[in-house]
There are 2 protein chains.
Amino acid sequence: MDRVPILRLGDCLLVTVQVDMHDELAMSLQDDLTNKIVATKARGVLIDISALEMVDSFIGRMLGNIASMSRILDAQTVVVGMQPAVAITLVELGLSLPGIRTALNVDAGLALLRRALDRGDEGGYVD
Amino acid sequence: MDRVPILRLGDCLLVTVQVDMHDELAMSLQDDLTNKIVATKARGVLIDISALEMVDSFIGRMLGNIASMSRILDAQTVVVGMQPAVAITLVELGLSLPGIRTALNVDAGLALLRRALDRGDEGGYVD
């Protein structure tokens, strides 16, 4: 099990991060995700990190990279399920996740994406 | 990270199994899931096993247990994303997953649940 599964939900993709992300796994996730965005013509990407109890700068950078890649492929990224402690750590690390939308849970994230796509926001647009 | 996250999608719950399920993790998943079904009044449970490349009788039994518990709590269980090799192994192990619905992916699983709930099937009903 050396891959993070990417689930399709309508025109969005859902990634649930629940194992420690080491370099190789993060690389394969970026590969798989970009390929899947193109293959499924997905317009949105939801990354659930509710299982993460701590983050480091590596994870923060990975989230940023995924958001940037998705944006170039015209898909918007929403990070969902972040635990309070994780938000604190990210800011303390100086990673305020610019360009990434967040939502409390998958439902809220899907609604956010739906509204953004209905409004016709560009992939890169962030309020 | 010693817990499998349970995501809420409308009135359904989504569990993505992507780490090796040992006894303790399976127990905590059953606990968490039953509690969450009650707390969220969920009517359906989707278990994505697309990340599993092999299964053993333990996993097969766990899926069966989860389906039975959900049914008692009036929620239907759909296992999605099963790889062909896993289906072969399950049958060879004598585990044909009675009482569990399956679907190719999360989208199809959600549609199946939606139809079943609209029709007003009982939790335990299987075609």
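Note that the structure is a prediction, hence the values are computed from the model and not measured. (Residues numbered from 1 in each chain as written. Chains lettered and ligands numbered in written order. Predicted model: local features only at pLDDT ≥ 70, side-chain atom pairs only at ≥ 80, totals over all residues. Heavy atoms only, no water.)

### Some remarks on the overall build of chain A
When helices and strands are tallied, chain A shows four helices and five strands. Its helices and strands in sequence order give chain A the pattern β-β-α-β-α-β-α-β-α, from N to C terminus. In terms of C-alpha radius of gyration, chain A reaches 13 Å, essentially the compact-globule figure of 14 Å for 127 residues. Counting only C-alpha atoms, chain A reaches 35 × 30 × 25 Å along its principal axes. Across the 127 residues of chain A, 48% fall into the buried class. Counting only contacts in chain A whose residues sit at least 6 apart along the sequence, the fraction spanning at least 24 positions is 75%. Summed over all atoms, the accessible surface of chain A reaches about 6100 Å², with 53% contributed by carbon and sulfur. Charged side chains in chain A number 11 positive and 17 negative. The centres of these two groups are separated by 9 Å. (Helix = DSSP H or I, 4+ residues; strand = E, 2+ residues; numbered from the N terminus. Rg over C-alpha atoms; globule rule 2.2 N^0.38 Å. Buried < 20%, exposed > 50% of the residue type's maximum accessible area, 1.4 Å probe, protein only. Contact = heavy atoms within 4.5 Å. Areas by Shrake-Rupley, 256 points an atom, 1.4 Å probe, with all protein chains shown as cover. Lys, Arg positive; Asp, Glu negative; His and termini not counted. Charge placed at Lys NZ, Arg CZ, Asp CG, Glu CD.)

### A few points about the interface of chain A and chain B
Residue-level contacts link 19 residues of chain A with 20 residues of chain B. Summed over both sides, the interface of chain A with chain B buries roughly 1800 Å², with 61% coming from carbon and sulfur. The interface formed by chain A and chain B holds zero salt bridges in total. Across the chain A-chain B interface, the total number found is four residue pairs in polar contact (both at pLDDT 80 or more). Of all the elements in the fold, those that place two or more residues in the side of chain A that touches chain B are β1 (6–9), β2 (12–16) and α4 (106–119) of chain A. Residue classes in the side of chain A that touches chain B are distributed as eleven nonpolar, four polar and four charged. (Buried area = accessible area lost by both parts, 1.4 Å probe. Salt bridge = Lys/Arg side-chain N within 4 Å of Asp/Glu carboxyl O. Polar contact = N/O pair within 3.5 Å; in protein donor to acceptor, adjacent residues only side chain to side chain. Nonpolar A, V, L, I, M, F, W, Y, C, P; charged D, E, K, R; others polar.)

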